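Chain residues, written in single-letter form:
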Amino acid sequence: MDDPIDLGKAHLRIARPTDDLAALVTFYRDGLGLDVLYEFRDHAGFDGVMLGRRGTAYHLEFTSRAGHRAGRAPTSDNLLVFYLPDEGEWRTAVARLERAGHQAVKAFNPYWDKRGRTFEDPDGYRVVLQNESWPSD
């Protein structure tokens, strides 16, 4: 077998379609505090937005195509987890989402309710703010 590629140097893009770009931007930018890194319109028939934090090795991409229905999350256990080990920063992040009008929901897997809060984005995908470090002790 070939030696594995060192993905530790890679930049991670998590991409998925949506039926409502504006609602997702409001959730991830205003609620979660991510930056809009790039937006595009009618790129081969797609509109999209990329959100993340400048200087980090990840970003989220949401796209929409006229005439294509993306639908909602297939299950309530489709998660994006942010580990926030500092309790003050974690509380601030939770409060920011709540101030933006988002209320925590009961996690499908009760593990996430022990040290975290789960929020549902407008498409039904879930974001967990976990008050732990990774890897957890």
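Residues numbered from 1 in each chain as written. Predicted model: local features only at pLDDT ≥ 70, side-chain atom pairs only at ≥ 80, totals over all residues. Heavy atoms only, no water.

1. Thoughts on unusual backbone geometry
Right, so step 1: Of note, the amide linkage connecting tryptophan 134 to proline 135 takes the cis form, showing an omega dihedral of -5°.
Right, so step 2: Among the secondary structure elements, proline 135 is positioned in the segment after β7 (126–130).
Right, so step 3: Phi angles above zero are rare outside glycine, and aspartate 42 is one such case at about 50°.
Right, so step 4: Inspection of the secondary structure assignment puts aspartate 42 in strand β2 (residues 35–43). (Helix = DSSP H or I, 4+ residues; strand = E, 2+ residues; numbered from the N terminus.)

2. As for the pattern of salt bridges
Right, so step 1: Per the stated rule, a full pass over the model turns up twelve salt bridges.
Right, so step 2: Between arginine 72 and glutamate 120 there is a salt bridge, with the nearest N and O atoms lying 3.4 Å from each other. Residue arginine 72 is located in the loop between β4 (58–65) and β5 (79–83), and its partner glutamate 120 is located in strand β6 (residues 116–120); the two are separated by 48 residues in the primary sequence.
Right, so step 3: Judged by its relative accessible area of 29%, glutamate 120 is partly exposed.
Right, so step 4: Through salt bridges with shared partners, one network takes in Arg16, Asp121 and Asp123. (Salt bridge = Lys/Arg side-chain N within 4 Å of Asp/Glu carboxyl O. Buried < 20%, exposed > 50% of the residue type's maximum accessible area, 1.4 Å probe, protein only.)

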